[in-house]
Amino acid sequence: MIRKLLAPVVRNTPLSAPGHFVLELEAAEMAAEARPGQFIAVTDRTNTQLLRRPFSIYTADPASGVCSILFSVYGATTGAMSRMVPGEKMDIIGPLGGRVFAADGRPGAHHVMVGGGYGVPPLVFLSRRIKADHPEAKITFINGARTKAFLVGTDGLDDEGIPVLSCTDDGTCGIHGRVTVALEPILSTGEPVQVYTCGPTPMMRAVAERSIAAGVPCQVSMETFMPCGIGICMGCAVATTDGRFARGCTDGPVFPAHEVRW
Amino acid sequence: MIRKLLAPVVRNTPLSAPGHFVLELEAAEMAAEARPGQFIAVTDRTNTQLLRRPFSIYTADPASGVCSILFSVYGATTGAMSRMVPGEKMDIIGPLGGRVFAADGRPGAHHVMVGGGYGVPPLVFLSRRIKADHPEAKITFINGARTKAFLVGTDGLDDEGIPVLSCTDDGTCGIHGRVTVALEPILSTGEPVQVYTCGPTPMMRAVAERSIAAGVPCQVSMETFMPCGIGICMGCAVATTDGRFARGCTDGPVFPAHEVRW
Amino acid sequence: MVSVPDLSVRIGGLQMRNPVTVGSGTFGFGSEVADLVDLNALGAVTVKATTSQARIGNPPARIVETASGMLNAIGLQNGGIDHYLAEKLPFLRRYDCPIIVNVPGENPEDFAFVVERLTAAGGADAIELNISCPNVSHGLDYATDPRLTAEVVARCRRATPLPLIAKLSPNVTDIRPIARAAEEAGADALSLINTVVGTSIDAKKRTFRLANITGGLSGPAIKPIALLHVYRAAQTVRIPIIGMGGIMNATDAIEFLLAGASAVAVGTANFVNPLAAIEIADGIGQYLSENGFASVRDIVGTVSA
Amino acid sequence: MVSVPDLSVRIGGLQMRNPVTVGSGTFGFGSEVADLVDLNALGAVTVKATTSQARIGNPPARIVETASGMLNAIGLQNGGIDHYLAEKLPFLRRYDCPIIVNVPGENPEDFAFVVERLTAAGGADAIELNISCPNVSHGLDYATDPRLTAEVVARCRRATPLPLIAKLSPNVTDIRPIARAAEEAGADALSLINTVVGTSIDAKKRTFRLANITGGLSGPAIKPIALLHVYRAAQTVRIPIIGMGGIMNATDAIEFLLAGASAVAVGTANFVNPLAAIEIADGIGQYLSENGFASVRDIVGTVSA
Ligand SMILES: Cc1cc2nc3c(=O)[nH]c(=O)nc-3n(C[C@H](O)[C@H](O)[C@H](O)COP(=O)(O)OP(=O)(O)OC[C@H]3O[C@@H](n4cnc5c(N)ncnc54)[C@H](O)[C@@H]3O)c2cc1C
Ligand SMILES: Cc1cc2nc3c(=O)[nH]c(=O)nc-3n(C[C@H](O)[C@H](O)[C@H](O)COP(=O)(O)OP(=O)(O)OC[C@H]3O[C@@H](n4cnc5c(N)ncnc54)[C@H](O)[C@@H]3O)c2cc1C
Ligand SMILES: Cc1cc2nc3c(=O)[nH]c(=O)nc-3n(C[C@H](O)[C@H](O)[C@H](O)COP(=O)(O)O)c2cc1C
Ligand SMILES: Cc1cc2nc3c(=O)[nH]c(=O)nc-3n(C[C@H](O)[C@H](O)[C@H](O)COP(=O)(O)O)c2cc1C
Ligand code: FES
Ligand code: FES
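Description of the structure in this document. (Residues numbered from 1 in each chain as written. Chains lettered and ligands numbered in written order. Predicted model: local features only at pLDDT ≥ 70, side-chain atom pairs only at ≥ 80, totals over all residues. Heavy atoms only, no water.)

**Quick notes on the overall build of chain A**
Step number 1: Helix and strand content of chain A: five helices and 16 strands.
Step number 2: Whereas a compact globule of 262 residues would reach a radius of gyration of roughly 18 Å, chain A reaches 18 Å, a difference of no more than 12%.
Step number 3: With the C-alpha coordinates of chain A rotated into their principal frame, the extents come out at 50 × 40 × 35 Å.
Step number 4: Per-residue burial for chain A yields a buried fraction of 57% across its 262 residues.
Step number 5: Considering only intrachain contacts with a sequence separation of at least 6, the fraction spanning at least 24 residues in chain A is 62%.
Step number 6: Put simply, chain A shows about 10,200 Å² of open surface, and 55% of that area lies on carbon and sulfur atoms.
Step number 7: The averaged location of the 24 negative side-chain charges in chain A is 6 Å from the averaged location of its 23 positive side-chain charges. (Helix = DSSP H or I, 4+ residues; strand = E, 2+ residues; numbered from the N terminus. Rg over C-alpha atoms; globule rule 2.2 N^0.38 Å. Buried < 20%, exposed > 50% of the residue type's maximum accessible area, 1.4 Å probe, protein only. Contact = heavy atoms within 4.5 Å. Areas by Shrake-Rupley, 256 points an atom, 1.4 Å probe, with all protein chains shown as cover. Lys, Arg positive; Asp, Glu negative; His and termini not counted. Charge placed at Lys NZ, Arg CZ, Asp CG, Glu CD.)

Here it is in C-alpha cells:
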C-alpha cells in the first residue's frame, strides 16, 4: 500500500564514486512490501523545488525495517539529500510503481541484469530477491559506466553468488566497451535467458533491441521524469507500440521491451 | 563604500531570548566604515526567498574587522541564518543606509536611546560609539519588551557607563509599562535631551510624538520592508510631512521625527 | 473559540460539505489516490477532463518544473466519456462525495454531447465546462472571447439541469466581460483560473523542453495572478466562484475565499502532497474557529483595502 | 574554443557593446549603484520611468514578495523630465554607456512632450515607450489594444529620430497583433515583458498587502510567461526585441536570446545582486565560446522544437 511518511534517516553513507550516497531509511511497512523496480518520491522540504523526485529502492530488509536508496548529486533535491544526517526525517511517498520486474519462472532460467548509472540500484534489489527466493538461480549482473570510478552499487554481489561483469567505456575496469559487448555472447548461448535492464535510455534501447533480435525476453524500467509518481498527473508518458502513451509511474516503470516505442 | 561580499561567519551565538542570535561576520572594510543606523542586506542562498532581508549592524570593531548583527527567527532567511556555523560564508551587501544617527553635539547633551525588539541593536551600536568618542557623554538606554525574556541586546551596557532602563508590558522586569513611561520624566528635565529611537512603528510613533510635544529633538530609524536596500527599487517608501515619499534605505533609515508622516 | 464552524457551501445547486475540491487533471479520477486520501473528506472530487472521444494526449516531455511552478502540456489524454462512465464512475459512486466532471470540447455541439451523456447516465453532480485549456488550441480558446464563451455555456445550459460551472482562462486582457458573459448565458458558477500559458527552453540543447512547445503554468508562481482574476470576477458576477491557482496550504485557500471565491480547488499541490486538499479543509476550519467565524460563508469576499 | 566572441548587438539604431541592459525601474538612474557596478560594462543603462511632471508615487506598502517573485506598485515615482535632465543625466554622461530612457504617458501628447524634450536635450540614446505599466490604470493600458498602441507609437515617431522601443504588456489575450501594430506604427524595436498584473492578500489581517491593491509581478515566477510572449512576438515582427522577465543568470538570458530576443534586460535580479547584469554578459560570452559561436547574433531565435 502507498504511504506518505516522514521516514527517519538511519545512515547516509558516501560511496567511493564522487557524489554518490546510500541513504538508509526506517520504513518498516515499505521494507516489508517493496518489490524490485519500485521507487519512492522524495521532496527536499526546503521547497527550493516544487515537485518530488523519484528514487529506486536499492535495498529493503523486512527484518530490520530499513529501506535504502542509492543516489548521486545532481541538483537541489539530491543536494539536500546528501546533507541529511541520521535522525533527520525525510518526506517520502512509496512504495511506488505499478508494474515491476517479474522474475523469469522457467526452469534453468538465466537472469541477466544490465544496469548503468542510477539504473543499477533496482537491479541489485532484483537479483538479491531472486537469489533469496531461488538460491540455485543463475544470475549475471552486467554493470556499465563511463569509467571505473562510476561503477557503483554492485559491491559484494560476487560473494553472494551473483557474478558481476563490469564494462567501462574507457577500459579502466573489466570489459573495455559498452554493456552490449558483455551481453551479446550471453544472448546467443541458447539458454533460457531473461534480460532485465535499467539505466540511461540509449543503453536500455540498445539492450532491448539486441534482446528482441535474439528472441530473448527483456524487461526495461523506464525512468522518465515523474512529477507525481502516483498516476494523477499524466506527465510521465511512455510511448508504447500500440500508438498510445502509458504512465511510467503506475503502468510501469517496468515494461516488456517489445511494448516500448523508443 | 557599499560592497557585496561573502563574509565568513566567525561566531553564531544563541541568546537567552528564545530564537534570538548574535551572528558575527569577518568583514574588515565594513567594520571600519559602518556607522550606527546602517544595516546589511542578507540573502539565504537556498533561494527559498527571492529578496534580501535587512539587518541593522549591532557591533562593528575596526580592530578585529568583525561586524555583528542581532536577529530573531521569523521565516526562511532568519531560519537559515540561525543554522549558520563558523566558516560558512554569508552573502551580504553593506554597509547600507544613507542618513544615519547623528550624535547631538550640544555641550552636556543627554543622549536617550529608546529601543524595542530588533530596534535595539542599532541603538546599542550608537550609544557605544558616542561613549567611545565622548567618554563623558551622558547616555540613557530605554529598552522595552513585552516580557523579561525578550529584553535583549543591552547586556553589559551598564558596566560601560550606559545606564539601561528596562520596561516590560507585563512588569516582569524593570518598569511595568511602555517605554514612554520611562521617557516622559526625562523629556521634562529641561536638559538638552536628544532622543534616538528604533523599534516597532507604534512605539516609535509614540516616542516621536512625546518628544515633539516636549520640544525635544528626536531621530527615528524607520524599518520599512526593504526589497533592495540600495535605492533602486523605490519599494521602501516612507511618507514624509512634505507630502512626498522618501526612500527608507538611502534617504533614511534615520529621519528627524518631525519629517515623518505616520 | 466558537463551536465547530460550518464549512458547507453551495456552488449553484451543488452542495459541498466543505469548500475544498481538487483541480481537474491533478487528481486523476480519485481511484489512483484512494489508498492515501479519504475521498469523503473532500468537498467534491473534480475529475480529469473527459471528452466525447478518447484522446491519446501529447508526446513527452509533457511536464517541466519552473521556479515555484510547473508547465504542463498533457493534451487532455483521457479514455473518453464512455470509458469514464463504464470504468471510472462506479468506483467514485462508492463514496459519498459529489463528483464534478470537467468537460472540454471542440465546438458547442461537442461540449453538449458529453454534457448530455453525463446527465442521462447520472455521471456527474456538477459539470465544469473547460473552455480554457491552453494546450489544445495554443492558448486561444473559448474563454478568451465573451461571445464564444456565451455560445458554449448557452448550448450546454440547454443540455442539462445539472449545475454548470464555466472554467475561465487567465490568458485574457480582462476577465470581467468573459465572466459576465458566462453568467448571462446561464452558468451557475465560475471556476478560475486555468493554467497560464508559457514555455520553457533548454539552453544547453537549444530546444523547447515541451514537445507541445507551449504549456500551462501552475503552482505557487501563479497565485498572485489567480487571486486578482478571482477578485475581479467576484466583483463582476453574482454567481459563486471556485478559486484556484497555486493553493498549497490553508492560508493560500483562505486568501482566495477572502478575494471572493465561495470554494477553492487544489491542483498542483496534490502532486507534492496528495493529502493537501483535506489538510486544507481542516486548516480553514481552524482559521474560522480561531477568528470566531461561525461559517466559512462569513469570510467570502471580505478582503478590505 | 573560438576567439573571443562578438557580443555587440544593434537595437534599431542603438549600438550596444553587449546584449544586456537593465529593466527600467530596477536600476534607479545608475548613480545609486555606481559604487558596486561598472556602468561601462553594461550594454546600455535603462533608467527609471521619467514623466512630463514629477510624480510622488503610491503610498506604501509598494512591494511584497511572492513565490519566486515579487509584486510592485511603485506608481512611477520620479522627479519628472526636467529633474532628470538637470540632476540625473550629467552623472550618466560621465560614462561611455548608451542610455535608454523609459517614458510613460497619460495620452499621446504627454508621451510626445517628454520624447521631444529628451530629443532636444540629448537626454537619451534610445527611448523606451512604457505603454504597459500595470500600476497606473489598473493594468488596462495602451499596450492592451493594437489601435491605442499604434496611436502612441506613431505620435512619438513623429517626435524623434532616436531609436524608439515599444515596451509591451503580458496582460493581453494575444501579443501578436499588438507587436505588429507597434512595428507598423514605426517602432524600431520592442521590449517585453512588463510585469504581470496580480495581487496579494494578508489572510491574518484580511486586507490586500499593497496599498494600490494590484501590482506587477516580476522575477523567476514569470519567466515561462515572458519566454512565450517573446517567442510569439519574434515570430511576428521583423524589428529586434529586448527580452525580459525573470532573468536571474546567464542561462535564463540565453533562453530569451534563443526564443528570438536580440538583447535582454535584467530587472528584479538587480535587487538581489546588483552585479547580475554584468555577470550575465560575461556568462553569455562564455556560453558562446564553449559552443563555438563567433557572435551572439548567431544564436538569436535559433530554438528548435
Ligand atoms: C523511476 C526513477 C527512478 C530513479 N532512481 C534513481 C536512483 O535510484 N538514484 C538516483 O540517483 N537517481 C534516480 N533517478 C533520477 C533522479 O530522480 C534524479 O537524479 C533527480 O530527479 C535529480 O533531482 P535534483 O533535484 O537533485 O536535480 P534537478 O534539479 O532535478 O536537476 C539538476 C540538473 O541535473 C539534471 N538532471 C536531473 N536529473 C538527472 C538525471 N537523472 N540524469 C542526468 N541529469 C539529470 C537536470 O537536467 C538539471 O540540469 C530516478 C528517476 C526515475 C524517473
Ligand atoms: C532597516 C531594517 C533593519 C532591521 N534590522 C533587524 C535586526 O537587526 N534584527 C532582526 O532580527 N530583524 C531586523 N529587521 C527585520 C528583518 O529584516 C526581518 O526579521 C526579516 O525580514 C525576516 O525575514 P525572514 O525571511 O526570516 O522572515 P519572512 O519570511 O520575511 O517573514 C516570515 C513571517 O514573519 C513575518 N515577519 C517578517 N519580518 C517580521 C518582522 N520584522 N516583524 C514581525 N513579523 C515579521 C512575516 O510577515 C511573515 O509572516 C530589520 C528590518 C529593517 C527594515
Ligand atoms: C498536470 C495538469 C493537468 C491539468 N489538466 C486539466 C484538465 O484536464 N482540465 C482543466 O480544466 N484543468 C486542468 N488543469 C488545470 C488545473 O485544474 C488548475 O486550474 C490549474 O493547475 C491551477 O491550479 P494549481 O496552480 O493549484 O495547479 C491541469 C493542471 C495540471 C498541473
Ligand atoms: C520595482 C519595479 C519597478 C519597475 N518600474 C518600471 C518602470 O518604471 N517602467 C517600466 O517600463 N517597467 C518597470 N518595471 C518592469 C521591469 O522593467 C521589467 O519589465 C519586469 O520587472 C520584468 O523583468 P524582471 O522579472 O527581470 O524584473 C519595474 C519592475 C519592478 C520590479
Ligand atoms: S508521474 Fe504523475 S502520472 Fe506518472
Ligand atoms: S529598498 Fe529599494 S529603494 Fe529602498
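Anyway, onward from the coordinates.
**Description of the relation of the copies chain D and chain C**
Step number 1: When chain D is fitted onto chain C, the two copies agree to an RMSD of 0.0 Å after a turn of 180° and an axial shift of 0.0 Å. Here the transformation between the copies is reduced to the relation of a two-fold axis.
Step number 2: Interface overlap between copies is the fraction of interface residues in one copy that are interface residues in the other; for chain D against chain C it reaches 100%, indicating a shared surface. (Least-squares fit on C-alpha atoms with pLDDT ≥ 70 in both.)

**Some words on the pairing of strand β7 (residues 99-103) of chain C**
All names here are of chain C.
Step number 1: Burial of β7 is extensive: five of the five residues sit out of reach of the surface.
Step number 2: Neither face of β7 is open: one carries I99, V101 and V103, the other I100 and N102, and all of them are buried.
Step number 3: Relative to β7, strand β4 (residues 45-47) is paired through three bridges, and the arrangement is parallel. What sits directly across from V47, in β7, is V101.
Step number 4: Both β7 and strand β8 (residues 126-130) contribute to a ladder of four bridges, which runs parallel. Its bridge partner lying in β8, I100 is registered against A126.
Step number 5: Remark: the β7/helix α2 (residues 108-121)/β8 crossover connection has right-handed handedness. (Pairing = 2+ DSSP bridges. Right-handed = clockwise from strand over helix to strand, strands pointing away.)

**Digging into the packing of aromatic side chains**
For any pair of aromatic rings, the description consists of the separation of the ring centres together with the inter-plane angle of the planes.
Step number 1: One pass over the structure, following the stated rule, counts 14 aromatic pairs over all chains.
Step number 2: Ring geometry for F91 of chain C and Y95 of chain C: centres 5.4 Å apart, planes at 50°, overall tilted.
Step number 3: Every member of this aromatic cluster is reached through a ring pair, and the members are F21, F55 and F71 of chain A.
Step number 4: Sitting above the plane of the F150 of chain A ring, R146 of chain A keeps its charged end 4.8 Å from the centroid.
Step number 5: In this structure, R261 of chain B is placed above the aromatic ring of F245 of chain B, and the distance from its NZ or CZ to the ring centre is 5.5 Å. (Phe/Tyr/Trp six-rings, centres within 6.5 Å; stacked < 30°, edge-to-face > 60°. Lys NZ or Arg CZ within 6 Å of the ring centre and 35° of its normal.)

**Structural notes on α2 of chain C**
Residue and element names in this part refer to chain C.
Step number 1: The end-to-end C-alpha separation of α2 is 20 Å, in line with the 20 Å expected for 14 residues at 1.5 Å each.
Step number 2: On the buried face of α2, the contacting elements are α1 (80-93), β7, β8 and α3 (146-159).
Step number 3: G122 sits one or two positions beyond α2 and adopts a positive phi of about 60°. (Expected span 1.5 Å × (residues − 1).)

**Describing the site of ligand 1**
All names here are of chain A.
Step number 1: The full set close to ligand 1 counts 16 residues, and Q49, P54, L70, T78 and T224 are the nearest of them.
Step number 2: Between ligand 1 and the protein, one listed contact pairs a nitrogen atom with a backbone N or O atom of L70 at 2.8 Å.
Step number 3: Here a nitrogen atom of ligand 1 and a side-chain polar atom of Y118 are 2.9 Å apart.
Step number 4: Burial of ligand 1 by the protein amounts to 72% of the accessible area it has alone, namely 890 Å².
Step number 5: Elements with a minimum of two residues in the shell around ligand 1: β4 (53-56), β6 (66-72) and α2 (76-82).
Step number 6: If you tally residues by element for the shell around ligand 1, the top one is β4, at four residues.
Step number 7: In terms of residue class, the shell around ligand 1 is made up of seven nonpolar, seven polar and two charged. (Near = heavy atom within 4 Å. Polar contact = N/O pair within 3.5 Å; in protein donor to acceptor, adjacent residues only side chain to side chain. Nonpolar A, V, L, I, M, F, W, Y, C, P; charged D, E, K, R; others polar.)

**Concerning helix α4 (residues 179-187) of chain B**
One turn of an α-helix holds 3.6 residues; hence residues three or four places apart share an orientation.
Step number 1: Among all positions of α4 of chain B, only V179, T180, A182, L183, I186 and L187 of chain B are buried. Angular distribution of buried residues about the axis of α4 of chain B spans 155°; they occupy a single face of the element. (Arc of directions from axis to C-beta.)

**Some details on unusual backbone geometry**
All names here are of chain C.
Step number 1: The omega torsion across L192 and I193 is 10°, close enough to zero to call that bond cis.
Step number 2: Within the secondary structure layout, I193 lies in the loop between β10 (189-192) and β11 (196-199).
Step number 3: The residue S68 is not glycine, and still its phi comes out positive at about 50°.
Step number 4: Of note, S68 is situated in the loop between β5 (63-66) and β6 (69-72).

**Considerations on the interface of chain B and chain D**
Step number 1: On the chain D side, the residues contacting the 24 residues of chain B number 32 residues.
Step number 2: Between chain B and chain D, the buried area comes to about 2,300 Å², and carbon and sulfur atoms account for 68% of it.
Step number 3: Taken as a group, L50, I232 and F245 of chain B account for 33% of the area that chain B buries against chain D, more than any other trio of residues on that side.
Step number 4: Summed over the shared surface of chain B and chain D, the result is two salt bridges.
Step number 5: At the boundary of chain B with chain D, the tally comes to seven residue pairs in polar contact (both at pLDDT 80 or more). (Buried area = accessible area lost by both parts, 1.4 Å probe. Salt bridge = Lys/Arg side-chain N within 4 Å of Asp/Glu carboxyl O.)

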